[in-house]
Amino acid sequence: MNLSFARYLELTKPRVVALLVFCAVIGMFLAVPGLPPLRPFVFGVIGIWMAAASAAAFNHLIDERIDKLMARTAHRPLATGQLRPVQVFVFAFTLGVASMLVLALLVNVMTAALTFASLIGYAVVYTAFLKRATPQNIVIGGIAGASPPLLGWSAITGMSGERDWAYALLLVLIIFVWTPPHFWALAIFRREDYSRAQVPMLPVTHGVHYTRWHILFYTVLLVVVTLLPVLTGMSGILYLGASLVLGGFFLYYAVRLMNPPNELYAMKVFRYSITYLMALFAFLLLDHWLVDPMVQLGMGLKRIG
């Protein structure tokens, strides 16, 4: 891989962005019976990916000082001097503008507006302000990172359907509640990094034990929230079973974290949380296709259960 290309690719946080785009794609499929129309699907994915990549690059730019102080981020191309701030700014700005043009001209204006609000929410409100202002930064700022299912849903429907907002925002709520236990597990493991960089993450300001209780609380809340798709009629029995099993494992990890066997256990919780979210959304889609009576896919599938 070309070294210059690799540096710019790293700016986009490809693994994080891949998870965001995955959630957006699930939102696209859930928005309609069967398969979504090709044009808004393809250009929606491209536009949302570029906007998320732009926000990630702006994050590198704004967090340059912090990144130099943290072991987890000290290797980043801006922190090491492999790229200059002006190069990162031009790259991030170009991606952001291109994403807005793609979404506004080839998808719909609603999706462009929602995506722009999410980009600003993450790159400016969270990264530039909340991250440094309060130990609840990841909770308050989590709404921007939770938006991909809404963006994907909007790309397909334009939010014109009767239940579009209710169902799409329900998916946003799931990710919003998932974010604190996910990120605080990482923050526990990296608390010395955050302390050195003077970032007021919860384990730094209130201690590890306090943070563990918060992880447990949000995990319980998450299990409850993930039942809402079933209670609102959005999903059925397949998703219900999967959410209970996945949530049960998450609760086990959260309870075990209260008295962990070693320092690495927090990272085990962090990694499971990623698997959890991907599996949960995958089962939302499977349930939509296999259980929802509106979904035919040319095979006349009938409702199970």
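In case you missed it, the structure is sitting above this.
Residues numbered from 1 in each chain as written. Predicted model: local features only at pLDDT ≥ 70, side-chain atom pairs only at ≥ 80, totals over all residues. Heavy atoms only, no water.

**Describing the overall build of the protein chain**
To be explicit about the condition: Note on conventions: DSSP H or I runs of at least 4 residues are helices, E runs of at least 2 residues are strands, and numbering of each starts at the N terminus. C-alpha atoms define the radius of gyration in this analysis, and the globule rule sets the expected value at 2.2 Å times the number of residues to the power 0.38. With a 1.4 Å probe rolled over the protein chains alone, any residue whose accessible area is under 20% of its type maximum counts as buried; one over 50% counts as exposed, and the rest are partly exposed. Only the protein chains shown count as cover for residues, and all accessible areas are computed by the Shrake-Rupley method using a 1.4 Å probe.
Along the protein chain, the regular secondary structure elements total 16 helices and zero strands. A compact globule built from 305 residues should have a C-alpha radius of gyration of about 19 Å, and the protein chain, at 20 Å, falls within 12% of that. Across its three principal directions, the C-alpha atoms of the protein chain cover 60 × 50 × 35 Å. A burial count over the protein chain gives 52% of its 305 residues as buried. When the accessible surface of the protein chain is summed, it comes to about 13,700 Å², and 70% of that surface belongs to carbon and sulfur atoms.

**Quick word on the pattern of salt bridges**
Defined as follows: When a carboxyl oxygen of Asp or Glu lies within 4 Å of a side-chain nitrogen of Lys or Arg, that pair is called a salt bridge.
In total, this model carries six salt bridges according to the counting rule given. Note that Lys131 is salt-bridged to Asp63, the shortest N-O span being 2.6 Å. Taken together, the positions of Lys131 in helix H6 (residues 109-133) and Asp63 in the loop between helix H3 (38-62) and helix H4 (64-69) put the pair 68 residues apart, joining distant regions of the chain. A relative accessible area of 10% places Lys131 in the buried class. Between Arg191 and Glu263 there is a salt bridge, with the nearest N and O atoms lying 3.3 Å from each other. In this pair, Arg191 sits in helix H11 (residues 191-196) while Glu263 sits in the loop between helix H15 (237-257) and helix H16 (265-290), placing the two residues 72 residues apart along the sequence. A relative accessible area of 24% places Arg191 in the partly exposed class. One continuous salt-bridge network, built from bridges that share partners, spans Asp63, Lys131 and Arg132.

**Some points on the nonpolar core**
Put simply, the test is: Buried Ala, Val, Leu, Ile, Met, Phe, Trp, Tyr and Cys residues that are joined via side-chain atoms within 4.5 Å together make up what is termed a nonpolar core. Only heavy atoms enter the contact rule, under which two residues are in contact if any of them lie within 4.5 Å.
Core analysis: the biggest nonpolar cluster contains 91 residues, and Trp153, Trp178, Trp184, Tyr276 and Phe281 have the highest contact counts within it. In terms of residue count, helix H10 (residues 164-189) provides more of this core than any other element does, 15 residues in total. The contacts of Tyr276, once residues within four sequence positions are left out, are Trp178, Leu222, Thr226, Leu246, Gly247 and Phe250.

**Concerning the packing of aromatic side chains**
For any pair of aromatic rings, geometry is given as the distance between the ring centres together with the angle between the planes. The line we're drawing: Each Phe, Tyr or Trp ring (for Trp, its six-membered ring) is paired with any other whose centre lies within 6.5 Å, and the angle between the two planes then decides the class: stacked below 30 degrees, edge-to-face above 60, tilted in between. Lysine NZ or arginine CZ positioned within 6 Å of the ring centre and within 35 degrees of the ring normal marks a charge as sitting over the ring.
If you walk through the whole model with that rule in mind, you get 15 aromatic pairs. Here the aromatic rings of Phe250 and Tyr276 are separated by 5.0 Å at their centres, their planes lie at 65°, and the arrangement is edge-to-face. Of this pair, Phe250 sits in helix H15 while Tyr276 sits in helix H16, placing them 26 residues apart in sequence. An identical accessibility class is assigned to Phe250 and Tyr276; each is buried. One aromatic cluster is present, built from ring pairs that chain together Phe250, Tyr252, Tyr253, Tyr265, Tyr272 and Tyr276. One cation-aromatic arrangement involves Arg256 over Tyr265; the distance from NZ or CZ to the ring centre is 6.0 Å.

**Quick look at helix H13 (residues 208-225)**
Worth spelling out the cut-off: To estimate the expected span of a helix, count its residues, drop one, and scale the result by 1.5 Å.
In this model H13 runs 25 Å from its N-terminal to its C-terminal C-alpha over 18 residues, within 8% of the 26 Å that 1.5 Å per residue would give. Among the residues of H13, those classed as buried are Val208, Thr211, Arg212, His214, Ile215, Leu216, Tyr218, Thr219, Leu222, Val223 and Val225.

**Some words on a nonpolar patch on the surface**
Note the threshold: Patches were defined on residues exceeding 30% relative accessible area and lacking a salt bridge, with like-charge contacts within 9 Å and nonpolar side-chain contacts (Val, Leu, Ile, Met, Phe, Trp, Tyr) within 5 Å.
Residues Val86, Phe89, Val90, Phe93, Val97, Leu101 and Leu105 make up a contiguous nonpolar surface patch of about 650 Å² in total accessible area. Topologically, Leu105 is positioned in helix H5 (residues 85-106).

**A closer look at the environment of Pro40**
Take Pro40: it is sitting in helix H3. Distance from Pro40 to Thr157, taken between C-alpha atoms, is 9.1 Å for residues 117 residues apart in sequence. With residues near it in sequence (within four places) discarded, Pro40 still touches Met28, Val45, Val107, Ala155 and Ile156.

**Focus: the packing of H10 against H16**
Using the following cut-off: Axis definition: a line fit to C-alpha positions, over the contact stretch in the case of helices; interaxial angles, taken between N-to-C directions, run 0 to 180 degrees. Roughly parallel covers angles under 35 degrees, roughly antiparallel covers those over 145, roughly perpendicular covers 65 to 115, and oblique covers all other angles. When the near helix sits turned anticlockwise from the far one by under a right angle, the crossing is termed left-handed; a clockwise turn instead gives a right-handed crossing.
Two elements in contact, H10 and H16, have axes separated by 7 Å at closest approach and are oriented at 165°. Here H10 lies roughly antiparallel to H16, going by the angle between them. The crossing of H10 and H16 is left-handed. Residue-level contacts link Leu171, Ile174, Ile175, Trp178, His182, Ala185, Leu186, Ile188 and Phe189 of H10 to Ala266, Met267, Val269, Phe270, Ser273, Ile274, Tyr276, Leu277, Leu280, Phe281 and Leu284 of H16.

**Concerning the side chain of Thr73**
This is how the line gets drawn: Polar contacts, as used here, are pairs of N or O atoms within 3.5 Å; protein pairs need one atom able to donate a hydrogen and one able to accept it. Residues neighboring in sequence count only if both atoms are side-chain atoms.
Inspection of the secondary structure assignment puts Thr73 in the loop between H4 and H5. When its relative accessible area of 2% is taken as the criterion, Thr73 is described as buried. Polar contacts involving the side chain of Thr73 include one to the main-chain carbonyl oxygen of Asp67, which spans 3.0 Å. For Thr73, the contacting residues outside a window of four places in its chain are Ile66, Asp67 and Ala79.

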